[in-house]
Amino acid sequence: MSTTPITQAGLPPFIRGPYASMYLGRPWTIRQYAGYSTAEESNAFYKKNLAAGQKGLSVAFDLPTHRGYDSDNEMVKGDIGKAGVAIDSVEDMKLLFQDIPLDKMSVSMTMNGAVIPILAFYIVAAQEQGVGLELLKGTIQNDILKEFLVRNTYIYPPEPSLRIIADIMGYCKDYMPQFNSISVSGYHLHEAGAPASLEIGYAIANGLTYLKTAIESGLDIDEFAPRISFFWGIGMDCITEIAKLRAARWLWAESLAQFNPRKTHSLRLRTHSQTSGWSLTAQQPLNNITRTTIEALAAVWGGTQSLHTNSYDEALALPSDYSAKIARDTQLYLQKHSKVTAAIDPWSGSNIVEDRTRQLYQEAKNHIAEIEKSGGMIQAIKSGIAKAKIEQAAALRQAQIENKTFPIIGLNMMVTDNHQSETVRSIDHHMVYEVQTQRLQDLKNSRDSKKVNETLSALKSACSNPGNNILTYAVEAARARATLGEISLCMEEIFGRYKGQSFHVSNIYGPTMKDNTDYITARKMVESFEQKQGRRPRILVVKLGQDGHDRGSKIIASSFSDLGFDVDLGPLFQNPKQAARQAVENDVHFIGISSLAGGHNALVPETITALKDLDSTDIKVILGGIVPEQDHQALIEQGVYLIFGPGTNIAKAVQKILQPYLD
């Protein structure tokens, strides 16, 4: 095993921290990720948080925006404003930052698929606010490879997506020297089920792919490497998470040294961190405050530069104002009352932390070598081997939870019968749809259509010519008031729209659960169903709308298959009519709908209606995921068979699903 280099904070390989004085100089930035409904509502929420001590903004966009669709597109109506703020044009972006000086505020934007129009809108909004681009500070995520791996809010195929990234790096180098042109995300890998070493390894492998892309496009490593940042998910294994951030800095510095940068700070890994959303439970949700505090401490002790702390009710819905305040105040308490800022690296020399750092460094290095051996990350994505490894880890973790070898308080240990109901935030997507549709209509009526068409034509031509910077042309289209959907479609006509393959792993959950009593009972019930019905139970597992988070649906597909079901896995981004038609054509008994982004109140009833239109009401609709309890009764009255929330024991769920068929 490698020996940890003797080093100090601020010097390569930066194990003890990327800056010499760390939090003695200044604490990490409190950067809460937020956005919902309309630009006006999100703007009011931002200003309230800034007044209460938040130091930077992190913008969450809704799913139609991520996927390059305007809000008036009927295909995305159920997702509008649900999991983020709807942004259709530069006018929305101006409203989002109204009375927030962009020359003084650091802004992070989590955007990948529609990164070109969103960054163009931000640039024009800043200019029309009177702010020079050289003054803009912040980060655009711009990490498309992890979208192909886990998050799935992609638009274009991998190769043109990498060109987009290189063009953004080049534009920021020329015009926005203080702005980070890419944030490489391990967080989404973490949330999809990747253990710590896989999160580090795949994120750094993605980062190296971006480096090579930029160098091949003619950029100098010292011009763009210092503007790359990372983003990690922080889980409940405190020692591992501390070591993870240290090992990541070590491995990144070592990896970049191979490119022979002239400047030391080109080797420095800077990071934003977010406490884990996956670790939050819907059961006994107030325990989530403790979980978030432990995870926040791990991020700080690991040396993060900025931090988002999750709200305790996020396993139920978007956070309420009350829970968001607690999440933000958790960081303020840590900064002002815990003394964690009084030492540069308090864990340096700890045997357990140093050993874990070395272990993670070596394991992650092995993962990178495996990716390189397979032909690089693009090839690993196309072959599915990288995605499969993450899904195997997620399926194994589900089995460990049900076997109670991975304990979670309130879920499989220290369980109480006391039920605590929470009032959660609810987004009226009908209202957002009306507001955004009217605003789009007003925009199109008032703009110079000829100018819009000219700028879109120039953008399309630029996409066809690798010598032109796409962002430069998109900025002019945004200035002419072209919409996000128009800019995205213009690019799609040249690059095409990527369609991922649907598959699920098997023989991970089952072998781990083979001695589990609930698993054995469920298997027997599946056999009894087959004897009684003449065939095995068949289920179509689907994600509806534009939500690409598929950890839950993949775990259901994998575990139900191991339990004896015939499982069909629908493609991502189906609408209700498409899902219903596939269910009928495949002659399934059940449709299992996975919900995460809040669109269930629109999308699930539409699916039931579509089944009725196809004379297939015998197909039962099962809903799983983040579905607030306040929505349950209405959904059941509209025809939902069963609803299962986060943390559901899958073997017990199968028993509940099949029991009526066996009585």
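Residues numbered from 1 in each chain as written. Predicted model: local features only at pLDDT ≥ 70, side-chain atom pairs only at ≥ 80, totals over all residues. Heavy atoms only, no water.

What follows is about the sheet that holds strand S14 (residues 640–644). Read from one edge to the other, the open sheet built from 5 strands follows the order S11-S10-S12-S13-S14, with strand pairing classed as parallel. Each edge of the open sheet carries a strand with a single partner, namely strand S11 (566–569) and S14. Between one strand axis and the next, the sheet turns by 20° as a mean value, whatever way the strands run. Across 4 bridges, the pairing between strand S13 (residues 620–625) and S14 is parallel. Within S14, the position partnered with isoleucine 622 by the bridge is leucine 642. Across the face of the sheet, helix H22 (residues 551–562) comes into contact with strand S10 (538–543), S11 and strand S12 (590–595) while running at roughly 160° to S11. The strands that helix H23 (residues 576–585) touches are S10, S11 and S12; relative to S10, the one it contacts most, it runs at about 165°. (Pairing = 2+ DSSP bridges. Helix = DSSP H or I, 4+ residues; strand = E, 2+ residues; numbered from the N terminus. Axes fitted to C-alpha atoms, helices over the stretch in contact; angles between N-to-C directions. Contact = heavy atoms within 4.5 Å.)

Here we come to the environment of glutamine 129. One can find glutamine 129 in the loop between helix H4 (115–128) and strand S4 (137–140). Given a relative accessible area of 34%, glutamine 129 falls into the partly exposed group. Separated by 519 residues in sequence, glutamine 129 and threonine 648 have C-alpha atoms that sit 49 Å apart. In this view, glutamine 129 contacts Phe97, Ile100, Pro101 and Leu102; residues no more than four positions away in its chain are not counted. (Buried < 20%, exposed > 50% of the residue type's maximum accessible area, 1.4 Å probe, protein only.)

Residue placement: aspartate 167 occurs in helix H6 (residues 158–175). Overall, aspartate 167 belongs to the buried group, its relative accessible area being 10%. The residues touching aspartate 167, leaving out its near neighbours within four places in the chain, are Asn468, Asn469 and Ile470.

This part covers the pairing of strand S3 (residues 106–109). Working note: regular strand, side chains alternate between the two faces of the sheet. Alternating positions in S3 separate into two faces, Ser106 and Ser108 on one and Val107 and Met109 on the other, with burial throughout. Relative to S3, strand S2 (residues 56–59) runs parallel, the two being bridged by 3 bridges. Counterpart to leucine 57 in the pairing with S3 is valine 107. Sheet analysis places S3 next to S4, joined by 4 bridges and oriented parallel.

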